[in-house]
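Here's the letter readout for the chains.
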Amino acid sequence: MRKSNRLNREGQRRAIGIAVSAVLVLVAVVLAVSGGDGGDEVEVEAVDTTPRLVEPADLGELEETLGHAVYWAGERPPEQLELAQDASGNVFLRYLPPGVEAGDPGAEFLTVGTYPFADPVAGLESTAAEVGANLQVGPDGAKVLVNPEAPDSAYLAYPGSELQVEVYDPSGAALELVRSGQIGPAG
């Protein structure tokens, strides 16, 4: 009988330990989600990260919503414009040929990415130093970088801006697109 009571008490202690652990985990989750400091709550708007086809006219409204420019390579008929965003605020515009659906996993399409960035020119300078590349100056004063290790992409940033732009072209024409002045704000 003593053995049975001891096993019963051990079982009760385990159950209590599990319950206490579950409560502590629940409290930790609630504090993490709410910020835990009792301060002002910050409302974070959910971002739809599902790629979707858009019309060029939709980009002005997107810029208003985001509070900053969205860069693109202009209209390129008959290609369709796919918009994708991520939770970090990055915006990607891909140019899809007819018959390719939004969300296609292929990477063989011209893509222009707009990335919020605290000091994008300094970021490009740092990257250029790391990879041994030189920054170029675009036709409109933008600082331009082509990483020799990733020549299908050209990056640009404007002094005083808080956006970095990436132009990816699998045909190798990213730098030419930037130099031509075709890359600019959509709105």
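Here we summarise the structure given alongside this text. (Residues numbered from 1 in each chain as written. Predicted model: local features only at pLDDT ≥ 70, side-chain atom pairs only at ≥ 80, totals over all residues. Heavy atoms only, no water.)

1. Remarks on the overall build of the chain
When you go through the chain residue by residue, the secondary structure sums to 4 helices and 10 strands. Put simply, the chain runs from its N terminus to its C terminus through helices and strands in the order α-β-α-β-β-β-β-α-β-β-β-β-α-β. Burial status across the chain gives 33% buried among its 187 residues. Considering only contacts in the chain between residues 6 or more positions apart, those separated by 24 or more positions represent 46%. Here the chain has roughly 11600 Å² of accessible surface; of this, 54% comes from carbon and sulfur atoms. (Helix = DSSP H or I, 4+ residues; strand = E, 2+ residues; numbered from the N terminus. Buried < 20%, exposed > 50% of the residue type's maximum accessible area, 1.4 Å probe, protein only. Contact = heavy atoms within 4.5 Å. Areas by Shrake-Rupley, 256 points an atom, 1.4 Å probe, with all protein chains shown as cover.)

2. Here's the deal with the pattern of salt bridges
Using the criterion set out here, one finds 1 salt bridge in the structure. Across the salt bridge formed by Arg94 and Glu82, the nearest N and O atoms sit 2.6 Å from each other. Remark: Glu82 occurs in strand 3 (residues 80–85) and Arg94 occurs in strand 4 (residues 91–96); sequence separation between them is 12 residues. Residue Arg94 is classed as buried on the basis of its relative accessible area of 11%. (Salt bridge = Lys/Arg side-chain N within 4 Å of Asp/Glu carboxyl O.)

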